[in-house]
Amino acid sequence: MHITVIGSGYVGTTIAACFADLGHDVTAIDIDEEIVETLNDGQSPISEPGLEDLLETHAGNRLEATTSYDAVPESDVTFLAIGTPSNDDGSIDLGALEAAAEATGEAVADKDERHLVVIKSTVTPPSIETVLEPAVHRGADGNENIEVGMNPEFLREGSAVSDFLSPDKLVFGASSEWGTNRLHAVFEPLLEDHDAHVVETDPQTASMIKYANNAFLASKISLVNDLGNICKEFGLDAYEVMEAIGLDDRISEQFLRSGVGWGGSCFPKDVNAIIAAAREEDYDPAVLEATVEVNDRQPERMLELLEDHVDLEGARIAVLGLAFKPQTDDIRNSRAIPMIELLKERGSEIVAYDPVAVEPMQERFPDIEYAASAADALDGADGTVVVTDWDEFATLDEEFDTMATPVVVDGRRIIEPRDGITYEGLTW
Ligand SMILES: NC(=O)c1ccc[n+]([C@@H]2O[C@H](COP(=O)([O-])OP(=O)(O)OC[C@H]3O[C@@H](n4cnc5c(N)ncnc54)[C@H](O)[C@@H]3O)[C@@H](O)[C@H]2O)c1
Ligand SMILES: O=c1ccn([C@@H]2O[C@H](COP(=O)(O)OP(=O)(O)O[C@H]3O[C@H](CO)[C@@H](O)[C@H](O)[C@H]3O)[C@@H](O)[C@H]2O)c(=O)[nH]1
């Protein structure tokens, strides 16, 4: 099949490379010329394990990148993977996606065969029906051969390629049997090798499944954090408790790691967007609001634990970990951001370290000190907060002996407590 993928950001690049790997001919389209050039050079515009290899193999072969929409009518299916950033009230800004949807419609306005336009971006209901489908049809000038579908994406940063190529489930949102069959044809090479569940539904339900998925996972972590905070109050270990409840198949052992909370480009944006969409319908989503509230409180709780041992005014505090999770340099909504803000408010002198995410954080906080290693950050510090669970932090040991006062508050249960350091786990 020939697939066009519009938007070559995080999701677009990953799916374009993976579709090519599945044997499809792929045209990746982006308005950013630098991204297009990078892709055509067989390089990746984002850092993601395995992606560079796929691009090296398929660029100039089964994968071509361009700024032009000319390939759209020649293709069998078009995926739209454009950003849907947050507005101030938490709702999503559909502007860029709507413009791309309309331009896609224009590109297929004269097409005589049926064409499927698939929304890959995460969008709240009812926007497919109220904004995106009308934009495509407006562009296509009423051409009835054009159908709009929805295929939400569940990949995680740091494991995007393997998540895409070995999914638990695929969700095909289409408004006709033809649309569903088309999506089956796209994913057939993947389903030949992988036993994934396939959910066939309408586009609006497909868009809600994506939000329900992320809202459920974020709420699971917030619930675990709430329970973890209670465990800590009673001097109990939340990890021992969660290990036990994870043995219940109905709960599952995944996403039970309590700590400083969830960040990234998806959970915060998506939970706030579905809350805003619910409020728009005059529904008050109490559990989801509490999910956000618990998450917002965790960095403050960490500092309260630190304050039990260190007077923060003027103290030198090492922040270990700046990325929102390990294996990425992405700092979007990282818990390190509120942590640094809170430490600044308290008048601490901050020294921060991350194996890969120093540069983006320097842009966000140019006025704090950055260390070249965890050892350097700890040297002479009055206390440290561990915010990201990078493997290298698990091997820290004698580095703590160089601290002025070896107080460690661990937000990710990554440090091994031992004699000689004052250790506080956030929920254990
Ligand atoms: N990042 C993730 O892990 C992830 C996972 C699942 C779903 N999503 C969702 O997927 C969507 C895309 O996210 P992303 O992180 O890939 O976004 P992104 O911002 O990284 O990429 C969007 C790309 O679209 C391009 N673009 C903008 N307007 C265009 C136009 N008119 N024509 C062609 N290209 C255009 C931009 O130049 C950019 O390269 C969002 O809705 C997001 O919520 C993201
Ligand atoms: O037990 C856990 C698991 C995760 N986290 C935190 O949760 C956040 C998100 O982690 P993860 O889900 O691994 O990363 P993302 O790349 O944000 O992926 C989520 O968001 C994507 C974008 O929508 C979805 O496609 C994925 O399915 C969904 O997992 C990170 O800050 C983690 O530190 C915890 O605190 N405890």
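All of these numbers come straight from a predicted model, not from anything done at the bench. (Residues numbered from 1 in each chain as written. Chains lettered and ligands numbered in written order. Predicted model: local features only at pLDDT ≥ 70, side-chain atom pairs only at ≥ 80, totals over all residues. Heavy atoms only, no water.)

Caption draft 1: Focus on the domain arrangement of the chain. If you check the domain split of the chain, you get domain 1 (2-201) and domain 2 (203-428). Taken together, the contact pairs 31 residues of domain 1 with 24 residues of domain 2. Interface of domain 1 and domain 2: buried area, both sides summed, is about 2,200 Å²; carbon and sulfur atoms make up 60% of it. Summed over the three residues of domain 1 that lose the most area to domain 2, namely Thr122, Pro125 and Glu157, the buried surface amounts to 27% of that side. Taken together, the connections running from domain 1 to domain 2 amount to one salt bridge. In this structure, Arg332 and Glu157 form a salt bridge, with 3.5 Å as the shortest nitrogen-oxygen distance. Listed by contribution, the elements that provide at least two residues to the side of domain 1 that touches domain 2 are α5 (127-139), β6 (146-150), β7 (169-173) and β8 (197-201). By residue class, the composition of the side of domain 1 that touches domain 2 is 13 nonpolar, twelve polar and six charged. (Domains from an automatic or database assignment. Contact = heavy atoms within 4.5 Å. Buried area = accessible area lost by both parts, 1.4 Å probe. Salt bridge = Lys/Arg side-chain N within 4 Å of Asp/Glu carboxyl O. Helix = DSSP H or I, 4+ residues; strand = E, 2+ residues; numbered from the N terminus. Nonpolar A, V, L, I, M, F, W, Y, C, P; charged D, E, K, R; others polar.)

Caption draft 2: Examining the site of ligand 2 more closely. Around ligand 2, the surrounding shell holds 20 residues, and the nearest of these are Phe154, Leu155, Glu157, Lys210 and Cys266. Asn214 is positioned such that a nitrogen or oxygen atom in its side chain is 2.8 Å from an oxygen atom of ligand 2. Here an oxygen atom of ligand 2 and a backbone polar atom of Phe324 are 2.9 Å apart. Taking 690 Å² as the accessible area of ligand 2 by itself, protein coverage stands at 94%. For the shell around ligand 2, the secondary-structure elements that each account for two or more residues are α8 (203-233) and α10 (267-280). Of the residues that constitute the shell around ligand 2, the class distribution is nine nonpolar, three polar and eight charged. Each of domain 1 (2-201) and domain 2 (203-428) contributes no fewer than three residues to the shell around ligand 2. (Near = heavy atom within 4 Å. Polar contact = N/O pair within 3.5 Å; in protein donor to acceptor, adjacent residues only side chain to side chain. Areas by Shrake-Rupley, 256 points an atom, 1.4 Å probe, with all protein chains shown as cover.)

Caption draft 3: Quick look at the pattern of salt bridges. Under the definition given, this model contains 23 salt bridges. Asp389 is the salt-bridge partner of Arg257, the closest N and O atoms lying 3.7 Å from each other. Taken together, the positions of Arg257 in the loop between α9 (238-245) and α10 and Asp389 in the loop between β12 (383-386) and α15 (391-394) put the pair 132 residues apart, joining distant regions of the chain. Its relative accessible area of 16% is what places Asp389 among the buried residues. A salt bridge links Arg316 to Glu349, with the shortest nitrogen-to-oxygen separation between them at 2.6 Å. On the criterion of sequence distance, the pair formed by Arg316 in strand β9 (residues 316-320) and Glu349 in strand β10 (residues 349-353) is long-range, its members being 33 residues apart. Residue classification places Glu349 among the partly exposed positions, given a relative accessible area of 38%. One continuous salt-bridge network, built from bridges that share partners, spans Glu98, Glu102 and Arg138. (Buried < 20%, exposed > 50% of the residue type's maximum accessible area, 1.4 Å probe, protein only.)

Caption draft 4: Region of the structure containing the packing of aromatic side chains. Within the structure shown, the criterion is met by nine aromatic pairs. Residues Phe19 and Phe164 carry aromatic rings whose centres are separated by 5.5 Å and whose planes lie at 85 degrees to one another, so their mutual orientation is edge-to-face. Placement of the pair is Phe19 in helix α1 (residues 10-21) and Phe164 in helix α6 (residues 160-165), with a sequence separation of 145 residues. We classify Phe164 as buried; its relative accessible area is 4%. Ring-pair connections join several aromatic residues into one group, and the members of that group are Phe19, Phe79, Phe164, Phe172 and Phe187. The ring of Phe154 has Lys169 lying over it, and the distance from NZ or CZ to the ring centre is 4.2 Å. (Phe/Tyr/Trp six-rings, centres within 6.5 Å; stacked < 30°, edge-to-face > 60°. Lys NZ or Arg CZ within 6 Å of the ring centre and 35° of its normal.)

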